[in-house]
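An overview of the molecular structure
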Amino acid sequence: MIDVIASETIKARSIRSTRALLGFSVATVLVGGLMALISAGAWDAATPDERSHFGGLGDGTSVLTVVQLCLMTFGILTATSEYSTGMIRTSLVAVPVRRKLLLAKVVVVAATSLITGEAVAVATFFVSRLVIGDRPIGSLTSVATGLPVIVAEGLLMMVVALIALGLATMIRSTAGTLVAMAVLLFALPMAPQMLLPAPWNDRITAVLPSELAVQLSGAETQLSPLGALIAMAVWVTAATYAGLAAIGGRDA
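The sections below set out a description of the structure shown in this document.

1. Considering the side chain of Q68
Looking at where Q68 falls in the secondary structure, it is placed in helix α4 (residues 64–85). By relative accessible area, which is 11% here, Q68 ends up buried. Excluding residues within four positions of it along the chain, Q68 makes contact with L156, M157, V160 and L185.

In structure tokens form, the structure reads like this:
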């Protein structure tokens, strides 16, 4: 299994899109810092009345959504790049136990997305706070309240990347998986609010991936942090199982 993981690591490094996506993720630290700098300048120039309803560009941590999308795409391409080029046949000849191949991809995507997501999220947070200082800009106004949210956001990036990997293995199409993930992350959370009565609308929305980070940090109480962590594990397990069933039950 270690040899298969090493092989998948080399594959991931050799794909140009991987370097581009991870490089862009790291670059968002600078973008977040620039957004914080612009907001700080706007705050200093604002009148007391303008400060009472100040918006600006926020504290810069909004760029973490872009990082999540980059790592989600990395998870997708880890699977679909081999299908689009036909290299999946070579991979299956080298690793005839198909489930072992997918589990190796899971390890590589999990490690890469977790390390990158947490590093970028924490760096963006501290850079933005350093720039903003004691100005009351954004919702994460202190390390004590903001760091748990940021760490939870970094963990969610790994969860999203692994869900994307499982769906990509099942769908085998980059475009199709991107659409499926967009529905899951952005469209689906709106459906319970429009279609279900209270309190079921909030209960259903609370277990969707896009809502789990804030609950894991304890900032929202629909789910406990432990409940949010369990929900993340269920999503990853379900997506991985779907991928395992797909790769083991059909031809390449």
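2. Remarks on the environment of V120
Position of V120 relative to the elements: it lies in helix α6 (residues 98–132). Taking relative accessible area as the criterion, V120 reaches 4% and is therefore assigned buried. The spacing of V120 and V67 is 53 residues in sequence and 8.1 Å in space, taken between C-alpha atoms. Among residues more than four places away in sequence, those in contact with V120 are S25, V26, T28, V29, L64 and V67.

3. Concerning the nonpolar core
Residues M72, L162, I163, M181 and M232 are the most contacted members of the largest nonpolar core, which totals 43 residues. Those elements giving two or more residues to this core turn out to be α4, α6, α7 (143–171), α8 (174–187), α11 (212–216) and α12 (225–248). Looking at which element gives the most residues to this core, the answer is α7, with 13 residues. If we skip the residues at most four places from it in the chain, M232 touches A152, L155, L156, V159, L212, A213 and L216.

4. So, the packing of aromatic side chains
Considering all chains together, one arrives at 1 aromatic pair under this definition. Measuring from centroid to centroid gives 5.3 Å for F125 and F126, while their planes differ by 70°, and the two rings are edge-to-face. On the accessibility criterion, F126 (37% relative accessible area) is partly exposed. When the ring centre of W200 is taken as origin, the NZ or CZ atom of R203, which lies over that ring, is 4.9 Å away.

5. Thoughts on the pattern of salt bridges
Across all of its chains, the model carries 1 salt bridge by this definition. Measuring nitrogen to oxygen at the nearest pair gives 2.9 Å for the salt bridge that ties R135 to D44. Here the residue R135 occupies a position in the loop between α6 and α7, and D44 occupies one in helix α2 (residues 16–45), the gap between them amounting to 91 residues.

6. Regarding unusual backbone geometry
A cis amide bond links A198 with the next residue in sequence, P199, at an omega value of 0°. With respect to the helices and strands, the residue P199 is situated in the loop between α9 (190–195) and α10 (200–206). In this structure, R172 takes a positive phi of about 65° despite not being glycine. As for its placement among the helices and strands, R172 is situated in the loop between α7 and α8.

7. Looking at the side chain of N201
The residue N201 is located in helix α10 in this model. Beyond its immediate sequence surroundings of up to four residues, N201 is in contact with P192, Q193 and L196.

Analysis parameters
- Residues numbered from 1 in each chain as written.
- Predicted model: local features only at pLDDT ≥ 70, side-chain atom pairs only at ≥ 80, totals over all residues.
- Heavy atoms only, no water.
- Helix = DSSP H or I, 4+ residues; strand = E, 2+ residues; numbered from the N terminus.
- Buried < 20%, exposed > 50% of the residue type's maximum accessible area, 1.4 Å probe, protein only.
- Contact = heavy atoms within 4.5 Å.
- Core = buried A, V, L, I, M, F, W, Y, C linked by side-chain atoms within 4.5 Å.
- Phe/Tyr/Trp six-rings, centres within 6.5 Å; stacked < 30°, edge-to-face > 60°.
- Lys NZ or Arg CZ within 6 Å of the ring centre and 35° of its normal.
- Salt bridge = Lys/Arg side-chain N within 4 Å of Asp/Glu carboxyl O.

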